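Structural features, examined
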Amino acid sequence: MCGIIGIIGKSEAAPRLLESLRRLEYRGYDSAGIAVVTPNGTQRRRAEGKIRNLETVITDEPITGTVGIGHTRWATHGAPSVRNAHPHTSGAVTLVHNGIIENFAELKAELIAAGHEFTSDTDTEVIAHLLDATLKTGASIKDAFKDVLDRLHGAYALAILIEGENELMLGARRGSPLVIGWGEGEMFLGSDALAVGPFTNRVSYLEEGDWVIVTRTDADVYDHKGFRVNRPATTVPTSAALVEKGAFRHFMEKEVHEQPESCQRTLSAYLDPVAKSVRADIKASIDFKDITRLQIIACGTAYYAGCIAKYAFEKIAGLPVDVEVASEFRYRTPAMTAGSLAMAVSQSGETADTLAALRWCAGEGLKTAALVNVHTSTMAREADILWPTHAGPEIGVASTKAFTAQLSALLSLVVCAAVQRGKIDAAQEAHYVQLLLETPGLISQALVMDSELSKVAAIDLSKSSDVIYLGRGAMFPLALEGALKLKEISYIHAEGYAAGELKHGPIALIDEKTPVVVIAPDDELFEKTASNVQEVAARGGRVIMITCVPEKVPALSGDAAKSLKIIKGPACDPFIAPIIYSVPIQLLAYHTAVHKGTDVDQPRNLAKSVTVE
Ligand code: F6R
């Protein structure tokens, strides 16, 4: 949720901390701050809002030293303000934190009773006070740190400086990831590999409950019991190019346009293009014959990917599927049946609710799978089966290429399940595989709709205060995803409905001011969706219909004809239509936000990777 960087470096820390924070800004942008070990002690600079505000503060009041920590915040406890911006400090301790300390109120009361004065409204500040107080008892840094960690309930990733220990950093991870970066004569801590990416590509991932004492040349890692452990360094492949915008205006635009490649990469991991079959290693990872029911758990866009997959799993593989938002699933004591497979779908692999739901399923004795884009994430490491997506780093807060990569992987697994459950033969397997292999080319064709969608966004959507999205079958969850995408980046109220539900209530919303986006591929439900278009147009509604078969849309007469805009997409089989039709949906939201002038990559109140409940 928040971004963390720590550096014991050889050159000036402040510009390096800022460089890393700019890369981490997608994780939160309510406020930011750094602390640097200077000849006059550890000093802080903090600012409300984005990293550029912090840059101004540092330009006005420079800070010199080669060791420091930095943080970009997504507020949980305490409003976004300078006073609540990290780093927080107490006596000798200065620290940054990602996560939530659930027992902070109790700890704070105890510390206040002991005479501590707090300067922020955050939960984080209690950790600084607690550690400082423990150090003052004469405990060693190692013992004091362990004692404090044992008293914290909740989630944390921490990077900590101690006054007087000028080449030392402490780190800890529980619930929120933390990596150690290994440089040449310098060391780093980061909330993910991207944080330390500008300085090194050699990282060690801390395990749940680990804590670490980092010096200039080494890192001593301990597990939650206090035993020394080895967390080997791995080389991360992420190239700098993947996290730069290049010629695009926004990361979201770049990521939408990357989808031919990101889907291709993902499909290549699941499908054998020569044998026209699901790859042998994927078939070996699971036997869907033994699975009685699939429970998909996810949040937001990943949840909609799961909802779309349900249609295909049930229709083609005959596998019963339940899909539920993880925040509900985890607290409602679901009745699970033996033989169920629990599958978490997640870009980050760290979303707190999805992770908790997955752990709950594991605790119930279910087999678990994680379909995740970050292959080193907690879900990836904890699930019995890892099904990776290969979208590459997704920086735009609104998920796009991760979504279509999820669909690519899920639909490949549908084919796997259908084969293993004896629902399709080799020829049909080859047919579905071929359809999936055609998606990268079709996505490229869909991207050609860009300028037309930009015009529609400017004329029809950007001035509206409400938009309705309609779809049937797998296009219903895509309509929900379209509405989510629009509201999160353009702040326009949008709702998705199953087109058949329209007359059960939502049709009352139809008027000339409310555009209705209809997603209508050439499938068995097309005629029914087209009838819904008639119903909307007959009531004065403005329809934007995205379809590859405009010739099949019944002609409208009079004013109704004028209120219908058809945008032609590439012809595609209904099996892969959710992937292809994602593109116009994403572009509509993107261009609407650009025309409105909102912050596309960092929409208000949001952050990538929701690692708190
Ligand atoms: C919307 C969006 C979110 C995420 C959700 C789950 O564009 O990005 O709805 O899909 O927060 O995140 P992950 O996939 O990381 O579990």
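The chain is annotated in an unreviewed UniProt entry as Glutamine--fructose-6-phosphate aminotransferase [isomerizing] from Asticcacaulis machinosus. The UniProt entry for the chain carries the following text under Subcellular location (unreviewed entry): "Cytoplasm". Comment text from UniProt for the chain, heading Function (unreviewed entry), reads "Catalyzes the first step in hexosamine metabolism, converting fructose-6P into glucosamine-6P using glutamine as a nitrogen source."

So, the side chain of Thr378
Within the fold, Thr378 resides in helix H13 (residues 378-382). When neighbours within four sequence positions are excluded, Thr378 is seen to be in contact with Arg173, Gly349, Glu350, Leu355 and Arg359.

A look at the site of the ligand
Lining the immediate environment of the ligand, one finds 13 residues, of which Ser346, Gln347, Ser348, Thr351 and Glu488 sit closest. Contact distances for the ligand include 3.1 Å between an oxygen atom and a backbone N or O atom of Thr301. Take Lys485: an N or O atom from its side chain is 2.8 Å from an oxygen atom of the ligand. Out of a free accessible area of 400 Å², the ligand has 88% covered by protein chains. Every element with two or more residues in the shell around the ligand is listed here: helix H10 (300-316) and helix H18 (475-490). Looking at which element gives the most residues to the shell around the ligand, the answer is H10, with three residues. Residues of the shell around the ligand, tallied by class, amount to four nonpolar, seven polar and two charged.

Comments concerning the side chain of Lys108
For Lys108, the position within the fold is in helix H3 (residues 104-113). Once residues within four sequence positions are removed from consideration, Lys108 is found in contact with Phe118, Ser120 and Val126.

Remarks on the packing of helix H16 (residues 439-447) against helix H21 (residues 577-596)
The geometry of H16 relative to H21 is characterised by a closest axis approach of 9 Å and an angle of 25 degrees between their N-to-C directions. Judged by the angle between their axes, H16 and H21 are roughly parallel. The two elements H16 and H21 meet at a crossing, and its hand is right-handed. Residue-level inspection shows Thr439, Leu442, Ile443, Ala446 and Leu447 of H16 in contact with H21, the latter providing Ile579, Ile580, Val583 and Leu587. Looking at side-chain class alone, the contact of H16 with H21 contains eight nonpolar, one polar and no charged residues.

Describing the sheet that holds strand S15 (residues 234-235)
Taking strand neighbours across the sheet as the criterion, the eight strands line up as S3-S2-S4-S1-S10-S9-S11-S15 in an open arrangement whose pairing is antiparallel. Of all strands in the sheet, those bounded by a partner on one side alone are strand S3 (41-48) and S15. Here strand S1 (residues 3-8) runs beside strand S4 (residues 67-73); their pairing, made up of six bridges, is antiparallel. Bridging from a neighbouring strand, Ile4 pairs with His71 of S4. Running over the sheet, helix H1 (residues 13-24) touches S1, strand S2 (31-38), S4 and strand S10 (187-190) and is turned about 155 degrees from S1. Running at roughly 135 degrees to S3, helix H2 (residues 51-60) makes contact with S2, S3 and S4 of the sheet.

Side note on the packing of H10 against helix H14 (residues 401-420)
Relative placement of two packed helices is described by the angle separating their axes and the distance separating the axes. In contact at an axis separation of 9 Å, H10 and H14 are set at 20 degrees when each is read in the N-to-C sense. In this view, H10 runs roughly parallel relative to H14, as classed from their interaxial angle. Two packed elements cross with a definite hand, and for H10 against H14 that hand is right-handed. In contact with Thr301, Ala302, Tyr304, Ala305, Gly306, Ile308, Ala309, Ala312, Phe313 and Ile316 of H10, H14 contributes Phe403, Gln406, Leu407, Leu410, Leu411, Leu413, Val414, Ala417 and Ala418. Looking at the contact of H10 with H14 residue by residue, the classes come out as 16 nonpolar, three polar and no charged.

Calculation notes
Residues numbered from 1 in each chain as written. Predicted model: local features only at pLDDT ≥ 70, side-chain atom pairs only at ≥ 80, totals over all residues. Heavy atoms only, no water. UniProt positions renumbered as here; feature names shortened; annotations may be inferred. Helix = DSSP H or I, 4+ residues; strand = E, 2+ residues; numbered from the N terminus. Contact = heavy atoms within 4.5 Å. Near = heavy atom within 4 Å. Polar contact = N/O pair within 3.5 Å; in protein donor to acceptor, adjacent residues only side chain to side chain. Areas by Shrake-Rupley, 256 points an atom, 1.4 Å probe, with all protein chains shown as cover. Nonpolar A, V, L, I, M, F, W, Y, C, P; charged D, E, K, R; others polar. Axes fitted to C-alpha atoms, helices over the stretch in contact; angles between N-to-C directions. Parallel < 35°, antiparallel > 145°, perpendicular 65-115°, else oblique. Left-handed = near helix turned anticlockwise from the far one by under 90°. Pairing = 2+ DSSP bridges.

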